Amino acid sequence: MDELRGPGTGPPERWRPGGPPRWWRHGPPGWSRRAAERNEDLESAGRARWPWPSTVLFTAFVLIGSGFADHAQAGERVALDPPGRVLLLLSGVVLLWRWRHPVAVLWGTVAAVLLYLGAGYPYGPVLLTVAVAGFTAVVSGRRYAAWAAMGTLWAGHLLTVHVLYRWLPPSGDEAAPWTEEIVVATWVVALLAVSELARVRREQWARERARAERRRADEERLRIARELHDVLAHSISVINVQAGVGLALLDRDPEQARTALTTIKAKSKEALGEVRQVLDTLRAPGAAPRAPAPGLDRLPELVEQAASAGLTVTVEGEPPRLPPGAGLAAFRIVQEALTNVVRHSGAREARVHIERRDGRLRLLVDDDGPATGADAGGTGNGLAGMRERAAALGGTIEAGTRPDGGFRVFAVLPIETEEDR
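Note that residues are indexed from 1 along each chain, following the sequence as it is written. Under the rules for a predicted model, residues below a pLDDT of 70 receive no local features and side-chain atom pairs below 80 are neither given nor counted, while totals for whole chains, interfaces and linings still include all residues. Only hydrogens and water are removed before side-chain values are computed, so all heavy atoms of the structure are retained for them.

**Let's talk about the sheet that holds strand β4 (residues 396-401)**
Think of a sheet as strands paired side by side through backbone hydrogen bonds, with each pair either parallel or antiparallel. What counts is decided by this rule: Here, any two strands with at least 2 DSSP bridges between them count as paired. What counts as a helix is a DSSP run of H or I of at least four residues, what counts as a strand is a run of E of at least two, and both are numbered from the N terminus. Geometry is summarised by axes, namely lines fitted to C-alpha atoms with helices restricted to the contacting stretch, and by angles between N-to-C directions that run from 0 to 180 degrees.
As summarised here, the arrangement of the five strands in space is β1-β2-β3-β5-β4, forming an open sheet in which the pairing is mixed. Looking at strand neighbours, the two that pair on one side only are β1 (312-316) and β4, the edges of this open sheet. Sheet twist, expressed as the average angle between the axes of neighbouring strands with direction ignored, equals 10°. Alignment of β1 against strand β2 (residues 349-357), held across five bridges, turns out to be parallel.

As structure tokens, this is what we get:
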């Protein structure tokens, strides 16, 4: 129990000076994955909150482009002076905060552009700053604020060029034609439409990524469940049989009982090692396993363990050298089939036939004994796990009673052996 408590001794602590306990920091059970996703989103957003390169590029484009627009509109609009250049600079520099405060930046650029146009300065790329800020606001989810700001920009421009132009520079200016307002309105609507399309696509990508992550998590959970079931079911079956032998022979044949206890100790140690390896995978996802995955090269161990449980296993055929995934699946299928013979059959003999033909591995496990229970051959998680392992490789599993008695497990696994490479 102390090992489960972690460093230190004594009862579980509630609060420590300098911060809450570990359980509080990591959250209640079930929150860890959501917290990790939020942290990942915050970290990615934090990297995007300071878009220096794009901000410098936009600001330079606005300043240089407005200079050309000033020359092109000379005599029609007010000449671009230092206050006007300051407005252009501010409308570009404020984009640096567009991911951290998208709404405030959008309203700031709208105010700067309306002030710039109201002062009579030339039309030009200054509207690009509003476009970038509006796009960012919509994509980041501030849709209604973006619509309101863009509507304010259009209404402000309409008020400036049709009502207030008499009192605003340049002197002697006339009302703008309504076709110009149609162009401005079309520009605003097109900008919002493109922004909404980008927002929808971004949300679809996020949902697809979340579904893919959930699918990977489910597959990993099923893989770990299969490993734990196969390891524990086989090991505990051998331990149970040997414990019964030891109890039966404890008084009559102490030496044989000692052998049974030795087998129990060795098998329990092996099971603990394999379970610890699976748990290490849970604690450190993606970490390389400390020991290689078992394969058909360990088939003699299964035969020896079955013999210690009173089952004689005959192996026919030479196990080929397989890739780790196919080797593990084949090993676990044979292991589960022999475990079911020990647990659910009265057979004392079993046969394992291995054949490689046409790029496929064929595994056949037979026993001749009568069933000792209603679930002969195993009808629960064991057979389901075998089918899942075979299906993951594109193979098949057939399991059932034979016409002449006994039980048969027949697996066909598509493989690419190391000799074929």
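**Description of unusual backbone geometry**
In this structure, P170 follows P169 across a cis peptide bond, with omega equal to 0°. Relative to the helices and strands, P170 is located in the loop between α8 (143-162) and α9 (178-249).

**Comments concerning helix α7 (residues 127-139)**
Cut-off, in case you're wondering: The span you would expect from a helix comes to 1.5 Å times its residue count less one. Classification of residues uses two cut-offs on accessible area relative to the type maximum, computed with a 1.4 Å probe and protein chains only: under 20% is buried, over 50% is exposed, and between them is partly exposed.
Here α7 contains 13 residues, and its C-alpha end-to-end distance of 19 Å stays within 8% of the 18 Å for a straight helix at 1.5 Å per residue. Looking only at α7, the buried set comprises T129, V130, A131, V132, A133, G134, T136, A137, V138 and V139. After α7 finishes, the residue G141 shows a positive phi value of roughly 100°.

**Remarks on the packing of helix α6 (residues 102-118) against α7**
What counts here: Here the angle decides the label: under 35 degrees means roughly parallel, over 145 means roughly antiparallel, 65 to 115 means roughly perpendicular, and every other value means oblique. The hand of a helix crossing depends on one turn: near helix anticlockwise from the far one by less than a right angle means left-handed, and clockwise means right-handed. We call two residues in contact when some of their heavy atoms are within 4.5 Å. Residue type decides the class: Asp, Glu, Lys and Arg count as charged, Ala, Val, Leu, Ile, Met, Phe, Trp, Tyr, Cys and Pro as nonpolar, and the leftover types, Gly among them, as polar.
Between α6 and α7, whose axes approach to 9 Å, the crossing angle comes to 160°. In terms of orientation, α6 and α7 fall into the roughly antiparallel class. Viewed along their axes, α6 and α7 form a crossing whose handedness is left-handed. Here P102, V105, L106, T109, V110 and V113 of α6 come into contact with α7, specifically with L127, T129, V130, A133, G134, T136 and A137. By residue class, the composition of the contact of α6 with α7 is nine nonpolar, four polar and no charged.

**What to know about the pairing of strand β3 (residues 360-367)**
Of the pairings in the sheet, the one linking β2 to β3 comprises eight bridges and is antiparallel in character. Looking across to β3, one finds that R357 is bridged to R360. Bridge analysis of β3 against strand β5 (residues 407-414) gives eight bridges, and the strand direction is antiparallel. By the bridge assignment, L363 is partnered in β5 with A411.

**Let's talk about the side chain of R199**
To keep it simple, the criterion reads: Side-chain atoms alone can form a polar contact between residues adjacent in sequence; in general such a contact is a pair of N or O atoms within 3.5 Å, and within protein one must be able to donate a hydrogen while the other accepts it.
Of note, R199 is situated in helix α9. What makes R199 buried here is its relative accessible area of 9%. Polar side-chain contacts of R199 include one of 2.9 Å to the side chain of E203. Beyond its immediate chain neighbours, meaning those up to four positions away, R199 contacts V138, V139 and R143.

**Some words on helix α4 (residues 52-72)**
For α4, built from 21 residues, the straight-helix expectation of 30 Å at 1.5 Å per residue is met to within 8% by its first-to-last C-alpha distance of 30 Å. Residues of α4 that are buried: T55, T59, V62, G65, S66, G67, A69 and D70. Elements in contact with the buried residues of α4: α5 (82-93), α6 and α7.

**Topic: the pattern of salt bridges**
Selection criterion: Only one rule defines a salt bridge in this text: a Lys or Arg side-chain nitrogen within 4 Å of an Asp or Glu carboxyl oxygen.
In the structure shown here, the tally under the stated rule is nine salt bridges. We note a salt bridge from E301 to R298, for which the minimum N-O separation is 3.2 Å. Residue E301 is classed as partly exposed on the basis of its relative accessible area, which comes to 34%. With a closest N to O distance of 3.7 Å, D366 and R402 form a salt bridge.

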